[in-house]
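# Analysis of the macromolecular model
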Amino acid sequence: MIYILLLANLAFGLWSYRSQELASTNAPGPSENDNLRLVLVKEFRAQQNKPPTTNGNAETSGNCYTLGPFKAVDDADKVRQELKQAGLTARRRSSTDTTRKGFWVLLPPAASHAAARKIIDELKAKGIKDYFLVATGDQTNAVSLGVFSQSDTAQRRFEQIVELGFKPVLQKVNLPKREYWLDWPVEENLDTALLNKIRKDYSGIGQATRSCGNDS
């Protein structure tokens, strides 16, 4: 009986080993999809936050945030550096604001260039040194006597010229003023705390959305 049991165990062991060998031989080999890859947490998050692409290029909205206006170019560059440190790729843009009103004191256009030069000689003889002969446009041959941002200053200049025996006019005009803005893609958000700090440091500063390609 002992020998019979030993032979039976031996036969079962050989059959079991052969079955496992056949199973491993017929099983499909590992594919590329079966390989496991270790991914860092930051790499995973980057992949999760990566925008969908078309033809290998990331889709963009074509819009930018714009911050301004800054009155001085140095102020704009200083804030641009702050935005850079915060991870924003801002570019500086300039524009001309014509909403500021001014006041122009001038003598109306003369009949000819020679007549305008004669008027200038008369002004010089009476002590007027600040003048400008208009050479083009609707006011050709007019004599400019100053453009002022304050109405009371313009009024004093106007009365001075009248007292000298001339007949000036006082016109309201738009004064062009250079302003500076900072633009960056809407995909990059400006921290609220930093925005509030900039608004505190520079009065009249605001943030809006505009087309990235519009440089006007």
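The structure reproduced in this document is the subject of the present report. No experiment lies behind these values; they were computed from the predicted model shown. (Residues numbered from 1 in each chain as written. Predicted model: local features only at pLDDT ≥ 70, side-chain atom pairs only at ≥ 80, totals over all residues. Heavy atoms only, no water.)

### So, the state of the cysteines
Note the threshold: Any two cysteine sulfur atoms within 2.5 Å of one another count as a disulfide. Only DSSP runs of H or I with at least four residues qualify as helices, and only runs of E with at least two residues qualify as strands; both kinds are numbered from the N terminus onward.
Per the stated rule, a full pass over the model turns up one disulfide. Each disulfide pairs two cysteine sulfurs, and for Cys64 the partner residue is Cys212, the sulfurs being separated by 2.1 Å. One quick way to see it: the torsion about the S-S bond of Cys64 and Cys212 is about 105°, and its sign makes the bridge right-handed. Here Cys64 is found in strand S3 (residues 63-70), whereas its partner Cys212 is found in the segment after strand S8 (206-211), with 148 residues between them in sequence.

### A short note on the packing of aromatic side chains
Put simply, the rule is: The pairing test for Phe, Tyr and Trp rings, Trp by its six-membered ring, is centres within 6.5 Å, and the orientation test on the planes gives stacked under 30 degrees, edge-to-face over 60, and tilted for anything in between.
Going through the model one piece at a time under the given rule, you end up with two aromatic pairs. Ring centres of Tyr65 and Trp184 lie 6.0 Å apart, and the angle between their planes is 45°; this geometry places the pair in the tilted category. Note that Tyr65 is positioned in strand S3 and Trp184 in strand S7 (residues 169-185), a separation of 119 residues in sequence. Arranged with centres 5.6 Å apart and planes meeting at 75°, the rings of Phe70 and Tyr202 form a pair that is edge-to-face. In this pair, Phe70 is assigned in strand S3 and Tyr202 in the loop between helix H6 (192-201) and S8, connecting sequence segments 132 residues apart.

### Digging into the nonpolar core
What counts, and what does not: Here, the term nonpolar core denotes a set of buried Ala, Val, Leu, Ile, Met, Phe, Trp, Tyr and Cys residues that are joined through side-chain atoms within 4.5 Å. Exposure categories follow from relative accessible area, calculated using a 1.4 Å probe and restricted to protein chains: below 20% of the type maximum is buried, above 50% is exposed, and the middle band is partly exposed. Contacts: residue pairs with any heavy atoms within 4.5 Å of one another.
Leu67, Phe70, Val79, Leu83, Trp184, Leu190 and Ile198 are the most contacted members of the largest nonpolar core, which totals 17 residues. Only S3, helix H3 (73-85), S7 and H6 provide two or more residues apiece to this core. The residues touching Leu83, leaving out its near neighbours within four places in the chain, are Leu88, Ala90, Leu182, Trp184, Leu190, Leu194 and Ile198. Of all hydrophobic cores here, the second largest spans 15 residues; its members include Ala110, Ile120, Val143 and Phe166.

### What about the pairing of S3?
Stated precisely, the cut-off is as follows: One bridge is not enough; two strands pair if DSSP finds at least two bridges between them.
In terms of burial, S3 is largely enclosed, as six of its eight residues are buried. Where S3 lies against S8, six bridges are found, and the strand directions are antiparallel. Its bridge partner being in S8, Leu67 is matched across the sheet by Gln207. Strand direction decides the pairing type here: S3 and S7, joined by five bridges, are antiparallel. Within S7, the position partnered with Leu67 by the bridge is Leu182.

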